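Spelled out from the first residue to the last, the chains are:
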Amino acid sequence: MVDVSELQTIEHDVLVIGAGGAGLRAAIESSGRGKNTGLVCKSLLGKAHTVMAEGGMAAALGFTDERDNWKVHFRDTMRGGKFLNQWRMAELHAKEAPERVRELEDWGAVFDRTKTGLIHQRNFGGHRYPRLAHTGDRTGLELIRTLQDAGVHRGINVHMECTVLDLLKDGDRVIGALGYWRETGRFVLFKAKSVVLASGGVGKAWRVTSNSWEYTGDGLAMAYLAGAELMDCEFTQFHPTGMVWPPSVRGTLVTEGVRGDGGILKNKEGKRFMFGYIPERFAPETADSEEEANRWLKGDKSARRPPELLTRDVVARAITREVKEGRGSEHGGVYLDIASRLPAEDIKRKLPSMYHQFKELAEVDITKEPMEVGPTLHYHMGGIKVDHDTQMTTVPGLFAAGECAAGLHGANRLGGNSLSDLIVFGKRAGEYASEYADNNDAGKVNDEQVQACIRRATGFLNRESGENPFVLQENLQAIMNEHVGIVRTGEELTQGLEKLAEWSKQIDTAKAHSTAQYNAGWHTALDLRNLHISSEAITRGALMREESRGAHTRVDFEGEREEWGKYNIFVWRGNDGEMKIEKRERPEPDKLLKEIGYSNIEDLESGKVGANAE
Amino acid sequence: MAQRTFKVWRGDANGGEFKEYTVETQPGMVVLDGLHRIQAEHASDLAVRWNCKAGKCGSCSMEINGKPKLGCMARLNTFEPGETITVQPLKAFPIIRDLVTDVSWNFEQNKRIAPLKTKPRDADGNHRMMQEDVDRVQEFRKCIECFLCQDVCHVLRDHKKHDQFVGPRFMIRLAQLDMHPLDTEDRIPAARKELGTGWCNITRCCTEVCPEHIQITDNAIIPMKERVVDRFYDPIAWFIGKVFGSKKS
Ligand SMILES: Cc1cc2nc3c(=O)[nH]c(=O)nc-3n(C[C@H](O)[C@H](O)[C@H](O)COP(=O)(O)OP(=O)(O)OC[C@H]3O[C@@H](n4cnc5c(N)ncnc54)[C@H](O)[C@@H]3O)c2cc1C
Ligand code: SF4
Ligand code: SF4
Ligand code: FES
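Residues numbered from 1 in each chain as written. Chains lettered and ligands numbered in written order. Predicted model: local features only at pLDDT ≥ 70, side-chain atom pairs only at ≥ 80, totals over all residues. Heavy atoms only, no water.

1. Focus on the overall build of chain A
- Tallying secondary structure elements over chain A gives 17 helices and 18 strands in all.
- With the C-alpha coordinates aligned to their principal axes, the bounding extent of chain A is approximately 75 × 50 × 50 Å.
- Relative to all contacts within chain A whose residues are 6 or more apart in sequence, the contacts with residues 24 or more apart total 73%.
- Positive and negative side-chain charges of chain A, numbering 80 and 92 respectively, have mean locations separated by a distance of 2 Å. (Helix = DSSP H or I, 4+ residues; strand = E, 2+ residues; numbered from the N terminus. Contact = heavy atoms within 4.5 Å. Lys, Arg positive; Asp, Glu negative; His and termini not counted. Charge placed at Lys NZ, Arg CZ, Asp CG, Glu CD.)

Here it is as structure tokens:
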């Protein structure tokens, strides 16, 4: 038995778990408020998922098109989320994103510029106006490096290559976490007055994904086990354009910026098929001919947007359909063509990392040939339920921000709304976690909880023989790919749940070889529990929601059902240890917000609606 | 199915040896894929860093057939068929285990460089910078912190001047701050003394290995060296430059 008093113990006022955009921004905020702040991450600093973001960060600065403002951004976000978003979060996000972006500039971020020297903004799916502040197609790198460099000089204690295994509680409250150093395999106890989860998503539950090994739903599972509620888990975003060939890069992202800059989708017959998939709700704002779409691209303000820039759920389903009906490309995708749309030099300048990525990984020159693309699991709209304003979860002392939190994006996220989410709500989480730390003492660690956690972890190493953790992970990915994909049926989901239950029995038979020192097999074994809890929550939510809305498509329940628009689905751990699930009625939104959200664009712009909204 | 044999360095700070593994290959595979196959089939405890698998995060730095490279961008079909691929950790940093080295020294260097001291915003609350004035800075900001340049620089790799020279990666960090149109800090004395601009003798090895194709030597280090020289010959010229803005030329 481990003597808990002999464990390495590190104390902070605020502990932030995750060093992507959300975690870094939270840590900057809390240390700026004088709190001793610890920041933990699985990888090296600066390597979190945020670094991979390409296209940009949405904020209604109105620099590239002066008609933009927070109300239009808010409306776009609600429409994109099929009105299942938390209204107040969408409001705060649209209002605060511009100032958060300016602040990044104060800290040294260098976005691409307009002719007058302001931040240039790019078009993206679902955004009415060019709205994405960007740096070429490596905006995530710009964001994370800016925050990292700002953080370095603000006295944040960074604990790199340290993985948190479980949150620790004192009564109802979260008071710390237990983790291990990847380098040595030694355990470390963090004590904190408040904890912020900023651990990202759960893409590694699928085989075809744009996500890295870090995305195993740790935050969701740890919060769930600590008693927090999860919500909207059924909404998993498949990005329409992942690479499909060669096999080793299947799933790797092709930024929406390609379409934002004029790229078009074609099937093998050379047809620009998106014109056939325009949903009714978007028809009044979408071009209905190639001629109009081309005029829009040239900047004609009276023309409507090309259908390639419809929301991701729509485009991903259209591609799936084209492929299923035999009109796909050689390797089971469709063609994304920028070569015939822009001069080679412009492509290289605007999309340098895409050019590089295809050239080096697929031997395709995108200035000459089309890319082959298809849907890839990309983002989790669902996650930990948080308070709109403070980001506190349903467990006192535990906060969550970024992709692991739910609420802003509803049933579907607009591209670019994640990076802005990170800085808006990362800041808020840091702010309110600091406030919580001001009003609460460090709690008392429960030794038994720590010991149980260590026993579980060392079990994988001490076992004589057992399953290969990599193989177990691949088996889970196969289940999710097959049963909880882009189009779902009740029958497949039910089978999926059964398979997940069966699969989960093997978790505790996984065997990691050799020592605990930087042992990839052991790390993979430790993540399996988290993948399982998250996958189960996603599958149960998907089974319960008997309609098709946003990223969640049920072929046995086609179309949005008005009735279901009234509910969010919540998941939590019952006292018996089983997963509980319930749909709950959504609170009535603020009247003015509701008016803006549902208004038609002319009324909003003429001031007939929302004129007195601040 | 084609096969490929890898010779992978296995061991820790106390020493180690090369071990051979053979795995099946698929079209388009890169060295990192090969290592993942080895983990899944032969050695689940093989230590290797990676995240994005698309050359964007700079985690998977290693030496492949003796050359510092990103494992995720090194395609197998760029090697001769049948050629054994040798993979070992970066040489300039202490070994932790297998292909993983202790790169924490790099993160410490960043702390030694004074951060951006930003000009106030314009009256309307915005900053203004022209694209042509930030092109150069943006080039440097493409850096993914793979530290391949640090690995190959002989000042660090062979002469171990880690306490006197921050290395090419942080030379571009320095240059990027110094050329930033909104910056008002003076880093030139530090560049000469603590950061060690003088150690670089312009061999350009760093530029050659940079996966982001940043012109480290020509665009960052040489201009910084020039700024240092200008200052210490002619402090007045610097003062005028700073006040009247010719610094950003
Ligand atoms: C290829 C790609 C392109 C994208 N492009 C865009 C875009 O253009 N615009 C946009 O808005 N969004 C984009 N997104 C989405 C966006 O990048 C992510 O949703 C966002 O970066 C998530 O940020 P985060 O701070 O929540 O988490 P992340 O950046 O993922 O960071 C998670 C952190 O948590 C840590 N962590 C996780 N579990 C643990 C644990 N158990 N213990 C300790 N630490 C832990 C990780 O190590 C990591 O540091 C893109 C995503 C991908 C994959
Ligand atoms: S050019 Fe200078 S910094 Fe680059 S490798 Fe040579 S000595 Fe090192
Ligand atoms: S400058 Fe180039 S080689 Fe050096 S760390 Fe940055 S990306 Fe890597
Ligand atoms: S894994 Fe990110 S650069 Fe290779």
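Back to the text.
2. Section: the site of ligand 1
All names here are of chain A.
- Inspection of the region around ligand 1 gives 41 residues, with T50, E214, Y215, D218 and E403 positioned closest.
- One of the side-chain N or O atoms of D218 is found 2.7 Å from a nitrogen atom in ligand 1.
- Within the side chain of R413, an N or O atom sits 3.4 Å from a nitrogen atom of ligand 1.
- Out of a free accessible area of 990 Å², ligand 1 has 98% covered by protein chains.
- Those elements that provide at least two residues to the shell around ligand 1 are α1 (21–32), β7 (162–170), α5 (218–225), β14 (371–380) and α11 (417–439).
- Among the elements that take part in the shell around ligand 1, α11 stands out by supplying 4 residues, more than any other.
- Among the residues making up the shell around ligand 1, the classes are represented as 17 nonpolar, 18 polar and 6 charged. (Near = heavy atom within 4 Å. Polar contact = N/O pair within 3.5 Å; in protein donor to acceptor, adjacent residues only side chain to side chain. Areas by Shrake-Rupley, 256 points an atom, 1.4 Å probe, with all protein chains shown as cover. Nonpolar A, V, L, I, M, F, W, Y, C, P; charged D, E, K, R; others polar.)

3. Things to note about the pairing of strand β2 (residues 37–40) of chain A
Residue and element names in this part refer to chain A.
- Covered by surrounding structure in β2 are T37 and L39 together with G38 and V40, the residues of both alternating faces.
- Here 4 bridges tie strand β1 (residues 8–17) to β2, and the two strands are oriented parallel to one another. The residue bridging L15 from the neighbouring strand is G38, located in β2.
- At this point the chain moves from β1, through α1, to the parallel β2, and the crossover so formed is right-handed.
- Here β2 pairs with strand β6 (residues 157–159) via 3 bridges, running parallel. Among the inter-strand pairings, G38 is bridged to a residue of β6, identified as N157. (Buried < 20%, exposed > 50% of the residue type's maximum accessible area, 1.4 Å probe, protein only. Pairing = 2+ DSSP bridges. Right-handed = clockwise from strand over helix to strand, strands pointing away.)

4. Overview of the site of ligand 2
All names here are of chain B.
- As a structural note, the neighbourhood of ligand 2 is formed by 13 residues, with C153, C200, T203, R204 and C206 the closest of them.
- Contributing elements (two or more residues each) for the shell around ligand 2: α8 (205–209) and α9 (216–233).
- When the residues that make up the shell around ligand 2 are grouped by side-chain class, the tally is 8 nonpolar, 4 polar and 1 charged.

5. Let's talk about the pattern of salt bridges
Residues and elements named next belong to chain A.
- For the structure on display, the rule yields 84 salt bridges over all chains.
- Between E285 and R75 there is a salt bridge, with its nearest N and O atoms 3.1 Å apart. With E285 in the loop between β12 (264–266) and α7 (290–297) and R75 in helix α2 (residues 70–80), this pair connects stretches of sequence that are 210 residues apart. Pair check on accessibility: E285 and R75 agree, each one buried. (Salt bridge = Lys/Arg side-chain N within 4 Å of Asp/Glu carboxyl O.)

6. What to know about the packing of helix α14 (residues 490–504) of chain A against helix α15 (residues 520–544) of chain A
Residues and elements named next belong to chain A.
- One way to put it is that α14 packs onto α15 with a least axis distance of 10 Å and a crossing angle of 160°. Taken together, the axes of α14 and α15 are roughly antiparallel relative to one another. In terms of crossing hand, the pair formed by α14 and α15 is left-handed. Between α14, through G490, L493, T494, L497, L500, W503 and S504, and α15, the contact on the second element is made entirely by L528, H532, S535, E536, T539, R540, A542 and L543. (Axes fitted to C-alpha atoms, helices over the stretch in contact; angles between N-to-C directions. Parallel < 35°, antiparallel > 145°, perpendicular 65-115°, else oblique. Left-handed = near helix turned anticlockwise from the far one by under 90°.)

7. Details of the sheet that holds strand β11 (residues 236–243) of chain A
Residues and elements named next belong to chain A.
- One open sheet holds the 4 strands; their spatial order is β11-β14-β13-β12, and the pairing between them is antiparallel. Each edge of the open sheet carries a strand with a single partner, namely β11 and β12. Taking each pair of neighbouring strands and ignoring which way they run, the sheet shows an average axis angle of 45°.
- Each of β11, β12, β13 (334–337) and β14 is contacted by helix α8 (residues 312–324), which is oriented at about 60° to β11, the strand it contacts most.

8. Things to note about the domain arrangement of chain A
Residue and element names in this part refer to chain A.
- The domain boundaries assigned to chain A delineate domain 1 (241–377) and domain 2 (450–579).
- Averaged C-alpha coordinates put domain 1 and domain 2 at centres separated by 32 Å.
- Here domain 1 packs against domain 2, burying approximately 450 Å² in sum over the two surfaces, 59% of which is carbon and sulfur.
- Per-residue buried area on domain 1 facing domain 2 is highest for D313, R317 and T320; these three make up 67% of the total on that side.
- In this assembly, domain 1 and domain 2 are joined by 1 salt bridge.
- Taking the shortest distance from any N to any O, the salt bridge between R281 and E560 comes out at 3.4 Å.
- Here domain 1 is connected to domain 2 by 3 residue pairs in polar contact (both at pLDDT 80 or more).
- With 5 residues, the single largest contributor to the side of domain 1 that touches domain 2 is α8.
- Considering only residue class, the side of domain 1 that touches domain 2 consists of 2 nonpolar, 1 polar and 4 charged. (Domains from an automatic or database assignment. Buried area = accessible area lost by both parts, 1.4 Å probe.)

9. Thoughts on the domain arrangement of chain B
Residues and elements named next belong to chain B.
- Once the domains are mapped, chain B shows domain 1 (2–101) and domain 2 (104–244).
- Measuring from the centre of the C-alpha atoms in domain 1 to the corresponding centre in domain 2 gives 31 Å.
- Between domain 1 and domain 2, roughly 1,100 Å² of surface is buried when both sides are summed, and carbon and sulfur atoms account for 58% of that area.
- Of all residues in domain 1, the largest losses of buried area upon contact with domain 2 belong to P68, A92 and F93, amounting jointly to 45% of the total for that side.
- A salt bridge links E63 to R157; the shortest N-O distance between them is 2.9 Å.
- At the boundary of domain 1 with domain 2, the tally comes to 4 residue pairs in polar contact (both at pLDDT 80 or more).
- Counting only elements with at least two residues in the side of domain 1 that touches domain 2, the list comes to β3 (61–64) and β4 (67–70).

10. Topic: the sheet that holds strand β4 (residues 121–122) of chain A
Residue and element names in this part refer to chain A.
- The strand order across the open sheet built from 3 strands is β3-β5-β4, with neighbouring strands paired in antiparallel fashion. The open sheet has two edge strands with one neighbour each: β3 (57–58) and β4.
- Across 2 bridges, the pairing between β3 and strand β5 (residues 132–133) is antiparallel. Its bridge partner being in β5, M57 is matched across the sheet by A133.

11. Regarding the interface of chain A and chain B
- At the interface, 64 residues of chain A touch 63 residues of chain B.
- Here chain A meets chain B over a buried area of about 5,200 Å², counting both sides, of which 51% is carbon and sulfur.
- If you look at where chain A meets chain B, you find 9 salt bridges.
- We note a salt bridge from A:D149 to B:R173, for which the minimum N-O separation is 3.0 Å.
- Counting across the chain A and chain B interface gives 40 residue pairs in polar contact (both at pLDDT 80 or more).
- At the level of elements, α3 (87–106), α4 (139–152), α10 (352–362), α13 (469–483) and α15 of chain A are the ones that each hand at least two residues to the side of chain A that touches chain B.

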